[in-house]
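Here is how the chains run, residue by residue.
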Amino acid sequence: MTADATSTANASALAQKRCLSSTSASPHLSKRGKIILLGDSITQMSFSATLSGWGSYVADVYQRRCDVYNRGMSGYNTDWFLRYLKSDEGYHDIFGMMGDAITSKTGDKNNSEAPISQKDGDASEDACSNSNTNTNTPVDTTANDESMEEDKKTNNVKLVTIFFGANDSSSKELNPRHHVPIPRFESNLKEIVQKCRESFGDETKIILITPPPVCHKSRLEYQIQRYKEKATGDLERTLSLSGAYAEAVERVAKELKLPCLNIWKDMQESMEGEEKNREDGKEPWSVYLSDGLHFSREGNLFVGERLVDLIAAVYPDIAVSPCPFTNYTGNSSSKGGLALGSEGGIGPWHDEIDHLDVEDSFTNSTKKIKVNL
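Residues numbered from 1 in each chain as written. Predicted model: local features only at pLDDT ≥ 70, side-chain atom pairs only at ≥ 80, totals over all residues. Heavy atoms only, no water.

(A) Main features of the pairing of strand E1 (residues 33-39). The buried fraction of E1 is high, at 7 of 7 residues. When E1 meets strand E2 (residues 66-72), the two strands line up parallel, connected through 7 bridges. Following the sheet pairing, Leu38 is matched in E2 by Arg71. Inspection of the sheet shows E1 paired to strand E3 (residues 157-163) by 6 bridges, in the parallel sense. Within E3, the residue paired with Leu38 across the bridge is Ile162. (Buried < 20%, exposed > 50% of the residue type's maximum accessible area, 1.4 Å probe, protein only. Helix = DSSP H or I, 4+ residues; strand = E, 2+ residues; numbered from the N terminus. Pairing = 2+ DSSP bridges.)

Quick look at the structure:
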């Protein structure tokens with residue numbers, strides 16, 4: 001065997017070893033639960049540190065229990081988001097939470113885009129493909145179907161939030177680019193739910209969230225600030241339009257028997273009885289909005305709190321109860337629901353580790369000590 005042939009063979013063997021080790025490691029990597037946030041800019045911005053984003057609020061509550069994946073797409077309506085899901089990039093971006101054993105739209109394992117090293121001619125491309133396929137024999141789809149079902153069981157996606165409507169509800173006349181008619185909007189939401197169930201499993205918990213209310217005066221101020229003399233003074237997003245789409249989300253949730261967080265209603269009702277005595281003449285609930293549409297810090301905290309409360313009410317098995325002494329969800333006195341393992345998070349908490357027998361603290365899962373600190 002020549003030196004080049006030996007080098008190629010060694011590279012192939014190493015690549016095969018990596019393929020096997022990554023597949024076998026997948027169930028362990030998936031032990032930590034996953035929460036996936038789907039939506040538009042209001043979701044994309046939900047990790048904002050300066051605005052105390054509502055997605056960050058959820059991630060804080062689920063420390064060491066679930067990783068939170070932000071899949072918000074700024075400016076997207078449900079038409080565009082569905083089209084993204086139907087692309088290879090979008091499918092793997094949204095539904096690639098199942099680890100290395102991802103199943104593609106066609107049902108083929110490991111059918112993701114080739115890493116850069118493979119595109120440059122790395123022998124690992126042939127090694128991985130040869131270890132999984134044989135172009136000379138018919139494809140056995142039964143094995144793929146069984147593998148897909150197994151992936152759904154091990155992907156450990158605990159919750160998906162679906163939060164659209166702020167763009168879909170744009171005026172047909174003033175913003176036809178973003179406008180999606182209500183019947184198609186409802187159909188799109190149903191299809192997104194169905195795709196989540198197909199990829200993550202029927203048991204995956206889902207919450208629908210309505211678009212927020214729109215403060216007209218704040219939107220006009222934002223328009224003038226952004227477009228200056230080109231501002232038209234016409235509103236392409238209004239309170240009544242967003243309200244109609246909030247009702248559409250509620251109808252879909254009711255039909256699919258899913259919980260719905262109606263922030264359009266909740267934000268306004270939370271300020272009922274408040275005098276409209278602000279000097280700027282805006283509605284009291286406008287404090288929840290930074291520009292009449294997107295969330296301020298107060299709005300993010302409002303949504304984060306309401307969402308966590310809703311999870312506890314409708315999905316108690318994935319809820320987290322804070323420590324009764326500190327109200328903190330990231331210590332040994334906090335409790336997770338049954339689907340989160342009931343007790344602590346991933347790994348023993350620091351006050352459960354016996355410094356005189358560290359090895360036993362990590363290997364004996366039934367032994368729980370509590371160090372007085």
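Additional details are given in the paragraphs that follow.
(B) Just the packing of aromatic side chains, in detail. As enumerated under the stated definition, the model contains 9 aromatic pairs in all. Measuring from ring centre to ring centre gives 5.3 Å for Tyr91 and Phe95, while their planes differ by 65°; the resulting arrangement is edge-to-face. Here the residue Tyr91 and the residue Phe95 both occupy positions in helix H5 (residues 88-95), the gap between them amounting to 4 residues, near one helical turn. The exposure classification of Tyr91 matches that of Phe95, with both residues buried. Each member of the aromatic cluster is reached from another via a ring pair, and the members are Trp54, Phe163 and Phe295. A cation over a ring is seen here: Arg64 above Trp349, with NZ or CZ 4.1 Å from the ring centre. (Phe/Tyr/Trp six-rings, centres within 6.5 Å; stacked < 30°, edge-to-face > 60°. Lys NZ or Arg CZ within 6 Å of the ring centre and 35° of its normal.)

(C) Molecular detail of unusual backbone geometry. Phi angles above zero are rare outside glycine, and Ser52 is one such case at about 50°. Inspection of the secondary structure puts Ser52 in the loop between helix H2 (41-44) and helix H3 (54-61). Although it is not a glycine, Asn327 sits at a positive phi angle of roughly 60°. Among the structural elements, Asn327 can be located in the loop between strand E6 (320-321) and strand E7 (335-336).

(D) How the structure looks around the packing of H3 against helix H13 (residues 297-314). Packing of H3 against H13 brings their axes to within 8 Å, and their N-to-C directions diverge by 45°. Accordingly, the angle class assigned to the pair H3 and H13 is oblique. Remark: the crossing between H3 and H13 carries right-handed chirality. Contacts between H3 and H13 involve Trp54, Tyr57, Val58 and Val61 from the former and Asn300, Leu301, Val303, Gly304, Glu305, Leu307 and Val308 from the latter. Along the lines of polarity and charge, the residues of the contact of H3 with H13 split into 8 nonpolar, 2 polar and 1 charged. (Axes fitted to C-alpha atoms, helices over the stretch in contact; angles between N-to-C directions. Parallel < 35°, antiparallel > 145°, perpendicular 65-115°, else oblique. Left-handed = near helix turned anticlockwise from the far one by under 90°. Contact = heavy atoms within 4.5 Å. Nonpolar A, V, L, I, M, F, W, Y, C, P; charged D, E, K, R; others polar.)

(E) Molecular detail of helix H11 (residues 239-256). Between its first and last C-alpha atoms H11 spans 26 Å; for 18 residues at 1.5 Å apiece the expected length is 26 Å, and the two agree. Of the residues making up H11, those classed as buried are Ser242, Gly243, Tyr245, Ala246, Ala248, Val249, Val252 and Ala253. Those residues of H11 that are buried are in contact with helix H9 (182-200), strand E4 (205-209), strand E5 (260-261) and helix H12 (263-269). Residue Lys257 follows H11 closely and has a positive phi angle near 60°. (Expected span 1.5 Å × (residues − 1).)

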